[in-house]
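The lines below spell out each chain.
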There are 2 protein chains.
Amino acid sequence: MATRSDTTLAERKRQLVAEELRNAALMLLATRGFDAVTVDDIVAIAGMSRRTFFRYFASKEDVVVRFLADMGADVVTELAARPKNEAPSVALRHAIWRPLSGCADQPDHAERSRIVVRLILDTPALHARWLERQIQWRSGLAAELAARHDLDPSTDPYPQMAAGMAMLALDAILQQWRPGDDEHRLAELTDRAFAVVAPALDAGADKRRAVGRAPDLLLAP
Amino acid sequence: MATRSDTTLAERKRQLVAEELRNAALMLLATRGFDAVTVDDIVAIAGMSRRTFFRYFASKEDVVVRFLADMGADVVTELAARPKNEAPSVALRHAIWRPLSGCADQPDHAERSRIVVRLILDTPALHARWLERQIQWRSGLAAELAARHDLDPSTDPYPQMAAGMAMLALDAILQQWRPGDDEHRLAELTDRAFAVVAPALDAGADKRRAVGRAPDLLLAP
DNA sequence: CACTACTTGACACTGAGTGCCATCGATAGC
DNA sequence: GCTATCGATGGCACTCAGTGTCAAGTAGTG
């Protein structure tokens, strides 16, 4: 039996080590830039061996991306918790907002997150891994959306694309996140981003949606 | 002065070498899988040195991704060529369709392309690079869209997100591309994917679009 | 104390990617 | 016809990411 809820002593020790490594990594990467830092540099600061680093993180990119990766699970669970009759644009907007509000409430934690976001968006290698993560979330969101609206995800492109539009909104928000932005400003960015995709999100969720009215189809009707 | 248009002899020789390397690479990668093939394997088949490979391709991923990368430029130029008053959903649909129809007209070339697409979508490392490329196209498309509709891309999230939606559609199309699909089937997939995002594409392009009607905003009006 | 499970560090190894230099072949100028 | 030059190539050595393996240390448990 575990001593407390589900975190054993060993578990907490592991998290401590991981956090130590992450702190050292983020500090170096944010100041010197991604390519100018080697794993040896990181473990030298953290006072551990190179091998230990790779026991905790799958790659150098992983340290950075995982810092924001927990967001993904939050988004999916938040979407699942939204009322079933809610419009997709509203449910997804609140789902995306969940981790953002979590970032924004403590200013120091928010600033740290913002710096990591900038590092990711400005470093091609990190950006690629970040998008890879997003795809996993997208699949989770798509499955949830398909269930909510009783759609077949293997034939209907709506769930995947709706989830993708939520990710586009997230990207747009993070892209415009400026230093010193408070929670109010982030909420404003979120509302604006979702205003763009909302028409598609809400038009497509309905099974009896009107197709074929589109002009100039590649396939003549 | 060049002997013919803009391709010198040396230029054509370079392209020939690149094609030889690409053929060897694609053949091996498609049969054995991405991780099971080393660059040494590739150059052994192509009969060249390891060093030469990296003079033509920036990375192992690059060989595969560049095979489809020329699509990007086509899409942007096609969008620029569409009539200025055309609805965004129509213009973008035809822009995306351009490289797809180019793929689909010769069955053998189409099948080769389809296999490469599957390899990319099924290999995480390749998928990440593929998305990295898409980001570049997205910026190009966004710039073109901003110009078409006289929007300021630094403040208005529409151009970037609209370009992103076009990429989502492209992803959905490629994801559903099955063996033996002819041009007609690809056109059908394209129409269906764009039917999903069209409402947002066409609602957002208009400067005087209605915002604030969205229910349950994060910011109370 | 002995046993077990887990973590760590050290070493060696593969493979990607880069810098450097010697060489070869084609072309231009004498 | 000879040579200087330029670009492409190959070979070599190097850095760095990432992995497998093994020995040692450090808990908890009987």
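Note that the coordinates shown come from a computational prediction; the quantities given were computed from them, not determined experimentally. (Residues numbered from 1 in each chain as written. Chains lettered and ligands numbered in written order. Predicted model: local features only at pLDDT ≥ 70, side-chain atom pairs only at ≥ 80, totals over all residues. Heavy atoms only, no water.)

## So, the protein's contact with DNA strand D
So, step 1. Around DNA strand D, the surrounding shell holds 19 residues, and the nearest of these are A:R50, A:R51, B:T52, B:R55 and B:Y56.
So, step 2. Considering the 4 Å shell around the protein, atoms of DNA strand D inside it are sugar or phosphate in 44% of instances.
So, step 3. Between a phosphate oxygen of DNA strand D and a main-chain N or O atom of A:V39, the distance comes to 3.4 Å.
So, step 4. One nitrogen or oxygen atom from the main chain of A:K60 is found 2.8 Å from a phosphate oxygen belonging to DNA strand D.
So, step 5. Every element with two or more residues in the surface near DNA strand D is listed here: α3 (50-56) and α4 (60-81) of chain A together with α1 (9-32) and α3 (50-56) of chain B.
So, step 6. When grouped by side-chain class, the residues that make up the surface near DNA strand D number 7 nonpolar, 4 polar and 8 charged. (Near = heavy atom within 4 Å. Polar contact = N/O pair within 3.5 Å; in protein donor to acceptor, adjacent residues only side chain to side chain. Helix = DSSP H or I, 4+ residues; strand = E, 2+ residues; numbered from the N terminus. Nonpolar A, V, L, I, M, F, W, Y, C, P; charged D, E, K, R; others polar.)

## Re the confidence of the model for chain A
So, step 1. Taken over all residues, the pLDDT of chain A has a mean of 90, while the share at 70 or more is 93%.
So, step 2. Across residues 1-5 of chain A, where pLDDT falls below 50, the model places 3 contacts with residues more than four positions away in sequence or in other chains. (pLDDT = per-residue confidence, 0-100. Contact = heavy atoms within 4.5 Å.)

## Considering the protein's contact with DNA strand C
So, step 1. If you check the shell around DNA strand C, you find 17 residues, and the closest are A:T52, A:R55, B:R50, B:R51 and B:K60.
So, step 2. Within 4 Å of the protein, atoms of DNA strand C come from sugar and phosphate in 45% of cases.
So, step 3. At 2.9 Å, a backbone N or O of B:K60 approaches a phosphate oxygen of DNA strand C.
So, step 4. The set of elements that each furnish at least two residues to the surface near DNA strand C consists of α1 (9-32) and α3 of chain A together with α3 and α4 (60-81) of chain B.
So, step 5. In terms of residue count, the dominant contributor to the surface near DNA strand C is α3(A) (4 residues).
So, step 6. The residue inventory of the surface near DNA strand C, partitioned by class, reads 6 nonpolar, 4 polar and 7 charged.

## Structural notes on the UniProt feature "DNA-binding region" (unreviewed entry) in chain A
So, step 1. Here the UniProt-annotated "DNA-binding region" (unreviewed entry) positions come out as residues 38-57 of chain A.
So, step 2. Counted over residues 38-57 of chain A, helix gives 75% and strand 0%. Its end C-alpha atoms are 14 Å apart. (UniProt positions renumbered as here; feature names shortened; annotations may be inferred.)

## Focus on the nonpolar core
So, step 1. One finds A:M165 and B:M165 to be the most contacted residues of the largest nonpolar core, which totals 141 residues.
So, step 2. Discounting residues that sit within four places of it in the chain, B:M165 has contacts with A:M165, A:L168, A:V196, A:V197, B:V197, B:A200 and B:L201. (Core = buried A, V, L, I, M, F, W, Y, C linked by side-chain atoms within 4.5 Å. Buried < 20%, exposed > 50% of the residue type's maximum accessible area, 1.4 Å probe, protein only.)

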